[in-house]
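Chain residues, written in single-letter form:
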Amino acid sequence: MLTFVVGASTALAAVPLKVDVKHKPREKEWRSMETRTLEHAAGFSPRSDVIKLSKYGGDLSQKTEAKGFFYPKKIRDRWWLVDPKGYRFIHLAICSIFPAIKSDEAKEAFQKKFGSNEKWAELTTAEMRTNGFNGSGSWSDDELLGKATQRVAYCPNWNFMSSYGRNRGGIYRKPGHTGYPNDAIFVFDPEFETFAMEHAKKLAATKDDPWLLGHFSDNEMPLRDECLENFLGLPKEEHGHKAAWKWLQKRKGAKASLNDINDQDREDFLELVADRYFSIVSKAIKTHDPNHLYLGCRFHGRVKYSKVAFQAAGRHLDVISINHYNSWTPDREQLDNWTKWSGKPFIITEFYSKGADTGFPNDSGAGWLVKTQKDRGLFYQNFCIGLLESKNCVGWHYFRYQDNDIKSKRPDPLNTVSNKGIWTAYFEEYPDYLRLIKQLNLNVYPLIDWLDKGGKVHP
């Protein structure tokens, strides 16, 4: 059992607050965004007593059926994850948790603070737990973190489609994800289904691990509104091109052309592509690991507005994963739609902001630019409060553990110049940022109870 002492007992006063932000760093002017924090939860008092949690980080105050593994459950009108012991659970995780050592300065800092990978895992998971995190997200060193005394629930990404594409040929690197020819994934290749079933055999090694929350199959698949045109634009010998023309001619007649395509055609073909991908991968995952959740491919971009994509996902996923950028405050109608369309809860698997007070140019990445580390913490509280208000969100994964190392001689061309981490490249925390993260994280369960009893967080 884990315990935390949280906050002061006095009710917090509502204070109007706006934070200066830029959506794109190249914007000339800062704009002020209305921001809500725990201080705007009039009548809510951060817990002053000891919060008792299960060893997984679940809420011991309410118990339901224990299945030995994580699973989703709707309790009254709110979706939850349930931990292996039967306690309601919100997955509060960080992406890319691994010891990045890409410069002499980082190596020296690592040796001074940790001295070994094992000590890093011990201290890092303990620090995460102290600050209210109970999980790791995509691209984390799950094996190393799993050796720590204070484990966290993890979610590996198995890269089904991108691994197939690497063997097949034709993929390339894009900022944040894999690129496919004409943004058309290889879902109609007859070999993909066989590959997926073989690839999923790797999952059997951890199928009995209760700390495994669930599986991602890929990251940010290009499920576009113009999916039909993209497939038709492939070379004629490609399976995707052949499948798209056959589908269109069956629908429109033998003399069908690109000029005949309408919005309904685009929607229906996108649903076909998404359904085929999710059904193939889900079957492979569940064949080799029937115990854990299938979390999807981390939707991003305009697919977040696609009813048919969410309907397809809902037929095959246990929880819908979404990388959510471009919203300072989550749009309630959009959050409601995701579950209305899919019939499943969702988990936010990427979001972040960048501080202008770090010396980074901050000219890459999708996250908001703010002026200070405190402002980053205010954004974290504002964004996550909006997620909790939806009643359909079962967790979030902050992107990412560390800043990239600007002194690296082996830079990541996508991420070297932005302040994304909660910790620096040299393993030091941003205290003003982490303080506000911790305050929100450690109050998630009492805040949910307060919201569900009619509490309102006013601007």
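Look above for the structure.
Residues numbered from 1 in each chain as written. Predicted model: local features only at pLDDT ≥ 70, side-chain atom pairs only at ≥ 80, totals over all residues. Heavy atoms only, no water.

**Quick word on the pairing of strand E15 (residues 320–323)**
- Residues Ile-320 and Ile-322 line one face of E15 and the alternating positions Ser-321 and Asn-323 line the opposite face, and both faces are buried.
- Pairing between E15 and strand E16 (residues 346–350): four bridges, direction parallel. Looking at the pairing, Ile-320 lines up with Phe-346 of E16.
- As for the winding sense of the linkage, the β-α-β connection from E15 through helix H10 (residues 332–342) to E16 is right-handed. (Buried < 20%, exposed > 50% of the residue type's maximum accessible area, 1.4 Å probe, protein only. Helix = DSSP H or I, 4+ residues; strand = E, 2+ residues; numbered from the N terminus. Pairing = 2+ DSSP bridges. Right-handed = clockwise from strand over helix to strand, strands pointing away.)

**Points about helix H4 (residues 160–168)**
- Taken residue by residue, H4 has Phe-160, Met-161, Ser-162, Ser-163, Tyr-164 and Gly-165 as its buried positions.
- In the core, the buried residues of H4 are packed alongside strand E12 (177–179), helix H5 (190–199) and helix H8 (263–288).
- Positive phi shows up at Gly-169, right after H4, with a value of about 100°. (Contact = heavy atoms within 4.5 Å.)

**Concerning the side chain of Glu-220**
- One can find Glu-220 in the loop between strand E13 (214–216) and helix H6 (227–232).
- The side chain of Glu-220 is buried and forms no salt bridge, while Arg-298, the nearest opposite charge, is found at 6.0 Å.
- Only 3.0 Å separates the side chain of Glu-220 from the side chain of Asn-323, close enough to count as a polar contact.
- Sequence-distant contacts of Glu-220, defined by excluding residues within four places in its chain, comprise Gly-176, His-177, Cys-297, Arg-298, His-300, Asn-323 and Glu-350. (Lys, Arg positive; Asp, Glu negative; His and termini not counted. Salt bridge = Lys/Arg side-chain N within 4 Å of Asp/Glu carboxyl O. Polar contact = N/O pair within 3.5 Å; in protein donor to acceptor, adjacent residues only side chain to side chain.)

**As for the state of the cysteines**
- Per the stated rule, a full pass over the model turns up zero disulfides.
- The thiol of Cys-155 is unpaired, and the distance to the nearest cysteine sulfur, on Cys-95, comes to 9.1 Å.
- Residue Cys-297 stays outside any disulfide, its sulfur separated by 12 Å from that of Cys-227, the closest cysteine.
- Among the residues examined, Cys-297 registers a relative accessible area of 1% and is labelled buried. (Disulfide = S-S within 2.5 Å.)

**Focus: the packing of aromatic side chains**
- Across all of its chains, the model carries 38 aromatic pairs by this definition.
- With centroids separated by 5.4 Å and ring planes inclined at 85°, the aromatic side chains of Phe-114 and Phe-427 adopt a geometry described as edge-to-face. Placement of the pair is Phe-114 in the loop between helix H1 (104–113) and helix H2 (117–130) and Phe-427 in the loop between strand E19 (393–398) and helix H12 (431–441), with a sequence separation of 313 residues. In this structure, Phe-114 and Phe-427 share a single accessibility class: buried.
- Consider the rings of Trp-328 and Phe-379, whose centres lie 4.8 Å apart with planes at 40°: the pair is tilted. Of this pair, Trp-328 sits in the loop between E15 and H10 while Phe-379 sits in helix H11 (residues 373–389), placing them 51 residues apart in sequence. (Phe/Tyr/Trp six-rings, centres within 6.5 Å; stacked < 30°, edge-to-face > 60°.)

**Looking at the layout of surface pockets**
- In this model, the largest pocket occupies a volume close to 1100 Å³.
- For the largest pocket, the lining is made up of 44 residues, of which Pro-175, Gly-176, His-177, Asn-219 and Glu-220 are closest to its centre.
- Counting residues per element, the ones that place at least two in the lining of the largest pocket are H4, strand E11 (172–174) and E12.
- Tallied by class, the residues present in the lining of the largest pocket amount to 13 nonpolar, 18 polar and 13 charged. (1 Å grid on protein atoms, 1.4 Å probe; cavity = no way out; pocket = protein on both sides within 12 Å on 5 of 7 lines; lining within 4 Å. Points joined across faces, edges and corners; volume = space filled by probe spheres on them. Nonpolar A, V, L, I, M, F, W, Y, C, P; charged D, E, K, R; others polar.)

**Regarding the pattern of salt bridges**
- Per the stated rule, a full pass over the model turns up 26 salt bridges.
- Note that Glu-27 is salt-bridged to Arg-31, the shortest N-O span being 3.7 Å.
- According to the relative accessible area criterion, Glu-27 is partly exposed, its value standing at 24%.
- What makes Arg-31 partly exposed here is its relative accessible area of 35%.
- Among the ionic contacts, a cluster of salt bridges with common partners joins Asp-77, Arg-78, Lys-391 and Asp-452.

These figures capture arrangement, not role.
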